[in-house]
Amino acid sequence: MTVIQTAPTTAAKRNKGPDRQASLIVQGADATGIVAAVTSVLSDHGANIVSLDQYSDDPHGGSFFQRTVFGLDGLRAALPAVRADLDTALVENYGLTYTLRDMSAPKRMAIFASKSDHCLLDLLWRHRRGQLPVSIPMVISNHPDVAEEVRGFGIPFFHVPSLGADKSAAEAEHLKLLKDNVDFVVLARYMQILSGDFIERVGVPVINIHHSFLPAFIGAGPYAKAKERGVKLVGATAHYVTEDLDEGPIIEQDVVRVSHADTAADLTRRGADVERAVLSRAVLWHAEDRVIRDGNHTIVFA
């Protein structure tokens, strides 16, 4: 492993997120009175609800999902008491599950990349511009090609080669780097398949960008395959990674129209534009707790 350390920038300071705001994610079996229970607890603690989104897949016995963002002076000191009341109101009374997070502490996002840099550089640029409320403690790549570009953003770069069929040594090094240092991982066109053991042991969500509407054109040379099939749309899919290759819960998708006159190179260029946009939206929504996973399905309050 080669480590290339860089000087810190002020990006993290610009990405600290809203002061004194928290996100509350609630999910479980739908029932009458859940919204009232949530708002009652928050009101009792003097919180101001900034936004509230909810969804039920069936109001008569279906599943309920809610995202609430609220502001509260002295938030960090108040959170233990808020949690205690939510435990009673939601868990004990309704059997629901919930997560409560102080949004002033940005989620820590590690990026994995290979030689292709368009998604990587787009995320780094958006982070530097303050458009992604995350911190980026590291970029990991199986090639050194993107080291100089990453250095320019002041992000630590780690080169971890991954050669041959046995990836266990590389994945062991990855786990050492990631342990207790990140809240989620983004595969920015990282051209390696992660093992089921790694996915289980990493312990945080992993987001991937795929160059098509899954499961079409899986494997190498997707845009050449798309040209051969005479496609009229090229697209991209951002999804959570599971042990089943490219079959994890989908976060975001998009397409752009193409024509018979477009070459494979044209499709690649236009596809890269879609990949950047789709991945950045997926990362933003995950960072802001807008995505709720429900089995192999997602609810996205975008």
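By convention here, each chain's residues receive numbers from 1 onward along its written sequence. In view of the model being predicted, local features appear only for residues whose pLDDT reaches at least 70, and side-chain atom pairs are presented and counted only at 80 or more, with totals across whole chains, interfaces and linings using the full set of residues. Excluded from the side-chain calculation are hydrogens and water; included are all heavy atoms of the structure.

### Here's the deal with the overall build of the protein
Consideration 1: Comment: elements are numbered from the N terminus, with helices defined as DSSP H or I runs of at least four residues and strands as E runs of at least two. A tally of helices and strands in the protein yields nine helices and 14 strands.
Consideration 2: Our radius of gyration looks at C-alpha atoms and nothing else; its globule reference is 2.2 Å times the residue count to the power 0.38. For the protein, the C-alpha radius of gyration of 21 Å lies close to 19 Å, the compact-globule estimate for 302 residues.
Consideration 3: For the protein, the spread of C-alpha atoms along the principal axes amounts to about 60 × 45 × 35 Å.
Consideration 4: When a residue's accessible area, from a 1.4 Å probe over protein chains only, is under 20% of the maximum for its type it is buried; when over 50% it is exposed; and in between it is partly exposed. With 302 residues in all, the protein has 47% of them scored as buried.
Consideration 5: Residue contacts are counted whenever heavy atoms from the two residues lie within 4.5 Å of one another. For the protein, contacts bridging at least 24 residues in sequence account for 68% of all contacts bridging at least 6.
Consideration 6: Per-residue accessibility takes into account occlusion by the displayed protein chains alone, with areas from the Shrake-Rupley method and a 1.4 Å probe. On the protein, roughly 14,300 Å² of surface is accessible, and the fraction owed to carbon and sulfur atoms is 51%.
Consideration 7: Charge convention: Lys and Arg are scored as positive, Asp and Glu as negative, and His as well as the terminal groups of each chain are ignored. For this purpose, a charge sits on NZ of Lys, CZ of Arg, CG of Asp or CD of Glu. If the 31 positive side-chain charges of the protein are averaged to one point and the 37 negative ones to another, these points end up 8 Å apart.

### Examining the packing of helix α2 (residues 34-44) against helix α3 (residues 75-94)
Consideration 1: Relative to each other, α2 and α3 sit at 165 degrees, their axes nearing to 10 Å. As the angle between them shows, α2 and α3 are arranged roughly antiparallel. The handedness of the crossing between α2 and α3 comes out as right-handed. Along the contact surface, α2 presents Ile 34, Ala 37, Val 38, Val 41 and Leu 42, while α3 presents Val 82, Asp 85, Leu 86, Ala 89, Leu 90 and Tyr 94.
Consideration 2: Note on residue classes: Ala, Val, Leu, Ile, Met, Phe, Trp, Tyr, Cys and Pro are nonpolar, Asp, Glu, Lys and Arg are charged, and everything else, Gly too, is polar. Here the residues of the contact of α2 with α3 sort into ten nonpolar, no polar and one charged. Axis angles are defined between N-to-C directions and span 0 to 180 degrees, where every axis is a line fitted to C-alpha atoms and, for a helix, only to the segment in contact. By definition in this entry, angles of less than 35 degrees are roughly parallel, angles greater than 145 are roughly antiparallel, angles of 65 to 115 are roughly perpendicular, and the rest are oblique. Two helices cross in a left-handed way if the nearer one is turned anticlockwise from the farther one by less than a right angle. They cross in a right-handed way if the turn is clockwise.

### Observations regarding the confidence of the model for the protein
Consideration 1: Model confidence for the protein is summarised by a mean pLDDT of 91, while 91% of its residues fall at 70 or above.
Consideration 2: pLDDT under 50 marks residues 7-17. Its contacts with residues more than four places away, or in other chains, come to 21 contacts. By definition, pLDDT measures how confident the predictor is in each residue, and it falls between 0 and 100.

### Notes on the packing of aromatic side chains
Consideration 1: Two aromatic rings from Phe, Tyr or Trp, using only the six-membered ring of Trp, form a pair when their centres are within 6.5 Å; if the ring planes differ by under 30 degrees the pair is stacked, by over 60 it is edge-to-face, and anything between is tilted. By the definition in use, this model includes three aromatic pairs.
Consideration 2: Both rings, one in Phe 112 and one in Tyr 190, keep their centres 5.2 Å apart while their planes meet at 80 degrees; by these two values the pair is edge-to-face. One end of the pair, Phe 112, is in strand β6 (residues 107-113); the other, Tyr 190, is in the loop between β9 (184-187) and α7 (196-202), with 78 residues separating them in the sequence.
Consideration 3: Look at Phe 112 and Phe 198: their rings are 6.5 Å apart centre to centre, the planes differ by 55 degrees, and that puts the pair in the tilted class. Of the two residues, Phe 112 is situated in strand β6 and Phe 198 in helix α7; the sequence distance between them amounts to 86 residues.

### So, the sheet that holds strand β3 (residues 48-56)
Consideration 1: Being paired, for any two strands, means DSSP has found at least two bridges between them. In spatial order, the strands read β3-β4-β2-β5; together these four strands make up an open sheet with antiparallel pairing. Single-partner strands in this sheet number two, and they are β3 and β5 (97-102). Direction aside, the axes of adjacent strands within the sheet are offset by 10 degrees on average.
Consideration 2: Bridge count between β3 and strand β4 (residues 63-71): eight bridges; the pairing is antiparallel. Bridge assignment links Ser 56 to a residue of β4, and that residue is Phe 64.
Consideration 3: Running over the sheet, α2 touches β2 (21-29), β3 and β4 and is turned about 20 degrees from β4.

### Things to note about the pattern of salt bridges
Consideration 1: What counts as a salt bridge is simple: a side-chain nitrogen of Lys or Arg found within 4 Å of a carboxyl oxygen of Asp or Glu. In the structure shown here, the tally under the stated rule is 15 salt bridges.
Consideration 2: Residues Lys 107 and Asp 289 are paired through a salt bridge, measuring 2.7 Å at the closest nitrogen-oxygen approach. You can see Lys 107 sitting in strand β6 and its partner Asp 289 sitting in the loop between α9 (264-287) and β13 (291-294), a full 182 residues away along the chain.
Consideration 3: The buried category is assigned to Lys 107, whose relative accessible area is 13%.
Consideration 4: Under the relative-accessibility criterion, Asp 289 is labelled buried at 10%.
Consideration 5: One connected set of salt bridges, linked through shared partners, spans Arg 101, Lys 107 and Asp 289.

### A short note on the pairing of β13
Consideration 1: Where β13 and strand β14 (residues 297-300) come together, four bridges link them in antiparallel fashion. In the strand pairing of β14, Arg 293 is matched with Thr 298.
Consideration 2: As consecutive antiparallel partners, β13 and β14 are separated by two residues, and within that stretch Gly 295 has a phi angle of approximately 65 degrees, a positive value.

### A look at α3
Consideration 1: Within α3, the axis deviates most sharply at Asp 87, by approximately 30 degrees.
Consideration 2: Taken residue by residue, α3 has Leu 75, Ala 78, Leu 79, Val 82, Leu 86, Ala 89 and Leu 90 as its buried positions.
Consideration 3: In this structure, the buried residues of α3 make contact with β2, α2, β4 and β5.
Consideration 4: Looking one or two residues past α3, Gly 95 carries a phi angle of roughly 70 degrees, positive in sign. Two axes enter the bend calculation: one fitted to the seven residues ending at the residue in question, the other to the seven starting there, and the bend is the angle between them.

### Quick word on the side chain of Ser 280
Consideration 1: Inspection of the secondary structure assignment puts Ser 280 in helix α9.
Consideration 2: Excluding its chain neighbours within four sequence positions, the residues that come into contact with Ser 280 are Asp 122, Leu 123, Arg 126 and Leu 132.

### Observations concerning the packing of helix α4 (residues 118-128) against α9
Consideration 1: Two numbers describe how α4 lies on α9: the axes approach to 9 Å, and their chain directions differ by 45 degrees. Classified by the angle their axes make, α4 and α9 are oblique. Crossing hand, α4 versus α9: right-handed. Between α4 and α9, the contacting residues are His 118, Cys 119, Asp 122, Leu 123 and Arg 126 on the first element and Ala 272, Glu 275, Arg 276, Leu 279, Ser 280 and Val 283 on the second.

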